[in-house]
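Structural overview
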Amino acid sequence: MSISSYPFDGQAVSEGQYSYLFRELASHSGIADAVGGTGFNVYGDSSGMQVKVNAGFAIVRGHAVQSTATETVTIAAASAATRYDRVVLRLDPTANKISIAVVQGTSGGGVPALTQTDTGIYEFPLATVTVPIGSATVSAGNVSTEREFLGNSVGGWTTATRPKNARTGRLGLNTSTNQWEFWDGTEWKDLAPTITWSTIQGRPSTFTPSAHGHDWDEISGKPSTYPPSSHSHSWSSITSKPSTFAPSSHSHSWSSITSKPSTFKPSSHSHSGYLTSGSTISWANGSKKPHSNAASGSGTWYSVWVEGNGTFCRNTSSIRFKTNVRDYEINPDDLLKLRPVIYDRKDVINEDGSVKEGRKDEVGLIAEEVEAAGLDWMVNYLDGEVDGLRYDLLGVALVPVVQRQAQQISDLEARLARLEAKLS
């Protein structure tokens, strides 16, 4: 049967069914008390290696537990290093009970994890107990509460059906007024009341106030001298400024201009033809020659590196530039994990809102996949994030792959020679 309903007279209802029912009524496990109440509060009183647990009522995974007196719980002797124990309400469906128990931590370890299964053992935390080295008692300062409460559950009601004696902090939606309201301990109050001019405190009796003046002595924050000593104002603080910048056509006298050159025209100077602004090189993002020109010129040709600050440098490999040289093991299988891909670059939106279309059908590797293959020494990082690849190192990485294949070919040739000799 796919549909069941319960509980009814003369019907057997299982523990699991009741537990599920009450878990829906109380949406989570917790102490049935006002937030900050003393129900199942755990405390130390320096009376020995023990803690006290106040009386209380709680719901643990749909099961109820009630304690009517203060319980004393033993804490194990101190360890060689600081230890953290947890006092819990332990639901054991097999034993048909909920008991107060201690989950003991390990010496020098952190706060131990709890067992919280849906059908078996479920441990609801009450407090963490810090057990220092050599301690013989548990003081109040050694206990930190972990209790959660049921008192803040959210509900919905009408003005006529809302709870009459709710716990402080109870929150719900009043469908009669379509407003969220909460119980402040005395009455239901609107969670987000509408602010009107009449409800504002300290408002003027008329708006705008009737015309009036103030004596100079009554004004606060006024300059100590008049006119005030030399000072400046930010552009945003200036009133009646032009609506556009620069303002409509106008002029300024030479004497009113600040930071002007001491001579006019300025002393003789020049700029290199390849500079566009500051020290920015106009061809720094690619070759100075178009792709249709043949590279020419005498002298040595170098691969070029670009440092993170934009500096160009030649790629040198002579032993006279190197020290501490040693073998570097590369696993050929890591190279065989790499996946060549073809992709399109994302479009770039410029500051003026125009769109620069990204390049299409580029071929390469994905840097994150190279990193995941254990070849992070080929990956470039920028501000702590994967950024690019050192494709110039890919040839070095492929050397052990080629060496292994060469060895395999040599071994196969030797086996073939032995087989031919045997057959002859």
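The rules behind each value
Residues numbered from 1 in each chain as written. Predicted model: local features only at pLDDT ≥ 70, side-chain atom pairs only at ≥ 80, totals over all residues. Heavy atoms only, no water. Helix = DSSP H or I, 4+ residues; strand = E, 2+ residues; numbered from the N terminus. Buried < 20%, exposed > 50% of the residue type's maximum accessible area, 1.4 Å probe, protein only. Contact = heavy atoms within 4.5 Å. Areas by Shrake-Rupley, 256 points an atom, 1.4 Å probe, with all protein chains shown as cover. Phe/Tyr/Trp six-rings, centres within 6.5 Å; stacked < 30°, edge-to-face > 60°. Pairing = 2+ DSSP bridges. pLDDT = per-residue confidence, 0-100. Patch = residues over 30% accessible without salt bridge, like charges linked within 9 Å, V, L, I, M, F, W, Y side chains within 5 Å. Salt bridge = Lys/Arg side-chain N within 4 Å of Asp/Glu carboxyl O. Core = buried A, V, L, I, M, F, W, Y, C linked by side-chain atoms within 4.5 Å.

What follows concerns the overall build of the chain. The helix and strand tally for the chain stands at four helices and 24 strands. Among the 424 residues that make up the chain, the fraction classed as buried is 21%. Within the chain, contacts between residues at least 6 apart in sequence are counted, and of these 46% link residues at least 24 apart. Entry remark: accessible area of the chain is about 31,300 Å², with carbon and sulfur atoms responsible for 52%.

This part takes up the packing of aromatic side chains. This structure, assessed with the given rule, holds two aromatic pairs. With 5.6 Å between their ring centres and 80 degrees between their planes, Tyr-328 and Trp-377 make a pair best called edge-to-face. Of this pair, Tyr-328 sits in the loop between β18 (312–314) and α2 (332–336) while Trp-377 sits in the loop between α3 (367–372) and β23 (379–382), and the two are 49 residues apart along the sequence. You can call Tyr-328 exposed: its relative accessible area is 55%.

Glancing now at the pairing of strand β24 (residues 385–389). Bridge analysis of β23 against β24 gives four bridges, and the strand direction is antiparallel. Following the sheet pairing, Tyr-381 is matched in β24 by Val-386. The hairpin turn running from β23 into β24, its antiparallel successor, is two residues long, and Asp-383 in that turn takes a positive phi close to 55 degrees.

Our next topic: the sheet that holds strand β2 (residues 42–43). Pairing is antiparallel in the open sheet, where three strands are placed in the order β2-β3-β6. Whereas interior strands pair on both sides, the edge strands pair on one side only; in this sheet they are β2 and β6 (71–74). In this sheet, β6 lies alongside strand β3 (residues 50–53) in antiparallel orientation, the contact comprising four bridges. Bridge pairing in β6 links Val-51 to Val-73.

This brings us to the confidence of the model for the chain. When the pLDDT values of the chain are averaged, the result is 81; 82% of them are 70 or greater. The lowest-confidence element of the chain is strand β15 (residues 275–277), averaging 43 in pLDDT; the highest-confidence one is β3, averaging 97.

It is worth spelling out the sheet that holds strand β1 (residues 30–31) at this point. Strand order across the open sheet formed by three strands is β1-β4-β5, with antiparallel pairing between neighbours. Each edge of the open sheet carries a strand with a single partner, namely β1 and β5 (63–67). As paired elements, β1 and strand β4 (residues 56–60) share two bridges and run antiparallel to each other. Counterpart to Ile-31 in the pairing with β4 is Ala-58.

We now examine a nonpolar patch on the surface. Taken together, Ile-195, Trp-197 and Ile-200 make up a surface patch of nonpolar side chains, about 310 Å² in accessible area. Among the structural elements, Trp-197 can be located in the loop between β14 (188–190) and β15. A relative accessible area of 42% means that Trp-197 is categorised as partly exposed.

Right, let's get into the side chain of Asp-334. Its location among the elements puts Asp-334 in helix α2. Asp-334 sits in the buried class, given a relative accessible area of 14%. Other than its neighbours up to four places away in sequence, Asp-334 contacts Ala-373 and Leu-375.

Moving on to the nonpolar core. By size, the foremost hydrophobic cluster in this structure holds 24 residues, and its most contacted members are Phe-40, Val-42, Val-51, Val-60, Leu-89, Leu-126 and Val-129. Of all elements in the fold, only β3, β4, β7 (83–92) and β9 (122–131) reach the threshold of two or more residues within this core. With six residues, β9 is the single largest residue contributor to this core. In contact with Leu-126, other than residues within four places in its own chain, are Ile-31, Phe-40, Val-42, Val-53, Val-87, Val-88, Leu-89, Thr-145, Glu-146 and Arg-147. In terms of nonpolar packing, the next biggest core, distinct from the first, is built from 14 residues, Leu-335, Leu-365, Ala-373 and Leu-393 among them.

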